[in-house]
Amino acid sequence: MDFNVKKFASDAGVFFTRAVQFTGEKLGQSEKTELDAHFENLLSRADSTKNWTEKIFRQTEVLLQPNPSARIEEFLYEKLDRTVPSRPNNGELLGQYMQDAAKDFGVGTPYGSTLMHVGDCERRLGSAHREFLQTSAISFLTPLRNFLEGDWRTISKERRLLENRRLDLDSCKARLKKAKLAESKAAAVPDFQETRPRNYVLSASASALWSEEVDKAEHELRVAQTEFDRQAEVTRLLLEGISSTHVNHLRCLHEFVEAQTAYYKQFYFIKFPNAFAGKPGHSMASDGSSSPGKAVDPLDVASTVETDTLKIEEVQAPATGTRKAKVLYDYDAADTSELSLLADELITVYTVPGMDSDWLVGERGNQKGKVPVTYLELLS
């Protein structure tokens, strides 16, 4: 118990000495040992690396997981060293709902077959997004977190020790300076005409005491200087390791960009039907010609149901049932079975059995082809 009390008292004394030195430096009353310019540059670079790494890490987390509640959940599971429960993401849920709806409406209908195909595309995009999140977390977020929670904490700890060693060194310098000043005053030759012999003896004794104090202060200064130099070297080595950190983070950044590129590349290979590219009525065939996992060209999926059962060149206008229609918007034909339209022109339209309700057959002079109903105003 006595040892602990003595240690506590010693630590309190050291803390008080450092506090006095720190306060004196802030008030401009004490001298401060300055670090060399190279060391200051290393400190500045380390601080900049930490600050920007932290910002990039936080914003990447927001990019990958915009939901704050989900991020908190992942953080808690990570701290508890447990695996986050696997659940479908929004894209996978949307795709599942679309495919369930297609089964309910009938996959043989144009709407049902399109829902089935789009649902498959959404599920594949959802799976690609899940893979992107996992790859980014492993290759990019984890190294940044390891730096902030590992390397940077070590650097911060050694920097605090260096600051304490510097305060101890400057305190020793101040103590030695005071001791030498007192010694010089005590060593001054007294005036024997005005000073009694007893005072002379006391003055000589004080000079000897201050001489011993100077020797003690010089020894403490040498010890403090040695500890400061040793700690400065350790801290310097850690700060110079920031260059290796930059190289590692550069490699991780390349992997993150590659993962992001691979993810967005999926949007090119996973093609949606033309009905979702601004042209109404186009739908996928229900015979499985566009199998999941295979890239589909939009030009190959236009109006498959209709063209399989309807040959435009063989269609004849009925004797009754034809109507005039005014074109509302310009329309470019997607293939030879369609008729291009110009806004405000008048054409003749009619329907034929087996044709999708979103389309009509239009005629303009000798030209004939399918036209979308939504681009027309039917006249009486």
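All of these numbers come straight from a predicted model, not from anything done at the bench.

Novice: Can you walk me through helix H4 (residues 90-105) in this structure?
Specialist: An α-helical turn contains 3.6 residues, so a residue and the one three or four places further along point in the same direction. Between the first and last C-alpha of H4 there are 22 Å, a value that for 16 residues agrees with the 22 Å anticipated at 1.5 Å per step. Those residues of H4 that sit buried are Gly-91, Glu-92, Gly-95, Met-98, Gln-99 and Ala-102. With its buried residues spanning 125° around the axis, H4 presents them on a single face. The exposed set on the far side of H4, more than 90 degrees from its buried face, consists of Asn-90, Tyr-97 and Asp-104. Elements in contact with the buried residues of H4: helix H5 (110-186). Taken from the residues just after H4, Gly-106 is the one with a positive phi, measuring 110°.

Novice: Just to check I follow, could you spell out the nonpolar core for this structure?
Specialist: For soluble globular proteins, nonpolar side chains are generally found buried alongside one another. With 32 residues, the main nonpolar core has Phe-132 and Leu-239 as its most contacted residues. Of all the secondary-structure elements, those providing two or more residues to this core are helix H2 (37-64), H5, helix H6 (197-240) and helix H7 (242-269). Take this core: its biggest share by element is 14 residues, from H5.

Novice: For this particular structure, what's the right way to read the sheet that holds strand S2 (residues 346-350)?
Specialist: Ordered in space as S4-S3-S2-S1-S5, the 5 strands form an open sheet in which the pairing is antiparallel. At either margin of the open sheet sits one strand with a lone partner, and together these are strand S4 (367-372) and strand S5 (376-378). Sheet twist, expressed as the average angle between the axes of neighbouring strands with direction ignored, equals 40°.

Novice: So what exactly am I meant to see when it comes to the confidence of the model for the protein chain here?
Specialist: Note: predicted coordinates in regions of low pLDDT should not be interpreted at a detailed level. Residue-level pLDDT values for the protein chain average 80, and 81% of them are 70 or greater. Below a pLDDT of 50 lies the segment residues 191-195, which in the model reaches 3 contacts outside its immediate sequence neighbourhood of four places, other chains included.

Novice: Looking at this model, I keep getting lost on the packing of aromatic side chains. Mind explaining?
Specialist: The description of an aromatic ring pair uses the distance of the two centres, along with the angle that the planes make with each other. Enumeration over the complete set of coordinates arrives at 9 aromatic pairs. Judged by centre distance (5.8 Å) and plane angle (90°), the rings of Tyr-329 and Tyr-375 are edge-to-face. Here Tyr-329 is found in the loop between strand S1 (323-327) and S2, whereas its partner Tyr-375 is found in the loop between S4 and S5, with 46 residues between them in sequence. Taken together, the aromatic side chains of Phe-132, Phe-140, Phe-256, Tyr-263 and Tyr-264 make up a single cluster linked through ring pairs. Residue placement shows Lys-370 over the ring face of Trp-359; its charged tip is 5.3 Å from the ring centre.

What counts as what
Residues numbered from 1 in each chain as written. Predicted model: local features only at pLDDT ≥ 70, side-chain atom pairs only at ≥ 80, totals over all residues. Heavy atoms only, no water. Helix = DSSP H or I, 4+ residues; strand = E, 2+ residues; numbered from the N terminus. Expected span 1.5 Å × (residues − 1). Buried < 20%, exposed > 50% of the residue type's maximum accessible area, 1.4 Å probe, protein only. Arc of directions from axis to C-beta. Contact = heavy atoms within 4.5 Å. Core = buried A, V, L, I, M, F, W, Y, C linked by side-chain atoms within 4.5 Å. Pairing = 2+ DSSP bridges. Axes fitted to C-alpha atoms, helices over the stretch in contact; angles between N-to-C directions. pLDDT = per-residue confidence, 0-100. Phe/Tyr/Trp six-rings, centres within 6.5 Å; stacked < 30°, edge-to-face > 60°. Lys NZ or Arg CZ within 6 Å of the ring centre and 35° of its normal.

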